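Single-letter residue listing:
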Amino acid sequence: RDDAKRGLQAMRPFTATLCATVSLVAMCLPAWAGDAPVVSDAWARATPPGVDVGAAYMVITGGKQADRLVGASSPRAAMAHLHVVDEKDGVSKMRAVDAVAIPAGKRVTLVPKSTHVMLMGLDGPLVAGQAFVVKLRFAESGEQSVTVTVRPATATDEHAGHAH
């Protein structure tokens, strides 16, 4: 009986490690299986000193299942919102949206004068050549951290290296 008890006690750390490993693998499987959207070409324009707003742009390719981008945050900004720009009668208006649809297997491009992540309350200017992190929140696949590269203030979506 004592030998059996010692054997069980010796296996507890192994069992705990095995359970933790299986749980971690199970949580990561959707991303490994291509279910999570893939984000690429994340960039922002440099901002002048004293300006505390900016925007992040990127390409999001949907995974095997449709998803929705429902939020964003960054340690560089007090707030981050999803915005779209609508044009009506030659006048562009920017407005916040609750979500951006990411269809399965399709590309959604966030670009200037269209859909983007608006960064408000920046902690300082965005300087060309630097990079910062934006955490994206998807309705189905959870959070994903993205590195955003700061390009010169004159950068346009054509300089971002992707087509629309």
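1. Concerning the side chain of Ser 74
By secondary structure assignment, the location of Ser 74 is in the loop between strand 3 (67–73) and strand 4 (77–88). Look past the residues within four positions of Ser 74 in its chain and what remains in contact with it is Leu 119, Phe 132, Val 133 and Val 134.

2. Digging into the nonpolar core
For soluble globular proteins, the rule of thumb is that nonpolar side chains tend to be buried together. Grouped together as the largest cluster of nonpolar side chains are 29 residues, with contacts concentrated most on Met 58, Ile 60, Leu 69, Val 117, Leu 119, Phe 132 and Leu 136. Apart from the residues lying within four places of it in its own chain, the contact partners of Ile 60 are Pro 37, Val 38, Val 39, Leu 69, Ile 102, Lys 106, Arg 107, Val 108, Leu 110 and Phe 138.

3. Notes on the packing of aromatic side chains
Throughout the structure, instances matching the rule amount to 1 aromatic pair. Relative to Tyr 57, the ring of Trp 43 has its centre 4.8 Å away and its plane inclined at 45 degrees; by these criteria the two rings are tilted. Of this pair, Trp 43 sits in strand 1 (residues 38–45) while Tyr 57 sits in strand 2 (residues 53–61), and the two are 14 residues apart along the sequence. In this structure Trp 43 comes out as buried when scored by relative accessible area, which is 0%.

4. Describing the pairing of strand 4
Sheet topology places strand 4 next to strand 8 (residues 116–122); 6 bridges connect them, and they run antiparallel. Bridge pairing in strand 8 places Ala 80 opposite Leu 119. Of the pairings in the sheet, the one linking strand 4 to strand 5 (residues 91–97) comprises 7 bridges and is antiparallel in character. Considered in strand 5, the bridge of Val 84 is made with Arg 95. Remark: 2 residues form the turn of the hairpin made by strand 4 and strand 5, two consecutive strands paired antiparallel; Asp 89 in that turn has positive phi of roughly 55 degrees.

5. With respect to the pairing of strand 10 (residues 142–151)
Taken together, the 3 bridges between strand 1 and strand 10 define a ladder with parallel strand orientation. When the bridges of strand 10 are listed, Trp 43 appears paired with Thr 149. The pairing of strand 9 (residues 131–138) with strand 10 spans 8 bridges and is antiparallel. Across the sheet, the residue bridging to Val 133 is Thr 147, located in strand 10.

6. Looking at the environment of Glu 87
Following the sequence through the fold, Glu 87 ends up in strand 4. Taking the C-alpha atoms as reference points, Glu 87 and Ser 114, separated by 27 residues in sequence, lie 9.4 Å from one another.

7. As for unusual backbone geometry
Despite not being glycine, Asp 41 has its phi angle at roughly 50 degrees, a positive value. By the secondary structure assignment, Asp 41 is in strand 1. Here Asp 41 falls in the partly exposed class, since its relative accessible area comes to 34%. Residue Asp 89 is not a glycine yet carries a positive backbone phi of 55 degrees. Topologically, Asp 89 is positioned in the loop between strand 4 and strand 5. Accessibility expressed as a relative area gives 75% for Asp 89, which makes it exposed.

8. Some thoughts on the confidence of the model for the protein chain
When pLDDT is averaged along the protein chain, the result is 84, and 74% of the positions lie at 70 or above. Considering only residues more than four positions removed or in separate chains, one finds that residues 15–33, a stretch of pLDDT under 50, has 5 contacts. Across residues 159–164 the pLDDT falls below 50, and counting only partners more than four positions away or on other chains, this stretch makes 19 contacts in the model.

Calculation rules
Residues numbered from 1 in each chain as written. Predicted model: local features only at pLDDT ≥ 70, side-chain atom pairs only at ≥ 80, totals over all residues. Heavy atoms only, no water. Helix = DSSP H or I, 4+ residues; strand = E, 2+ residues; numbered from the N terminus. Contact = heavy atoms within 4.5 Å. Core = buried A, V, L, I, M, F, W, Y, C linked by side-chain atoms within 4.5 Å. Buried < 20%, exposed > 50% of the residue type's maximum accessible area, 1.4 Å probe, protein only. Phe/Tyr/Trp six-rings, centres within 6.5 Å; stacked < 30°, edge-to-face > 60°. Pairing = 2+ DSSP bridges. pLDDT = per-residue confidence, 0-100.

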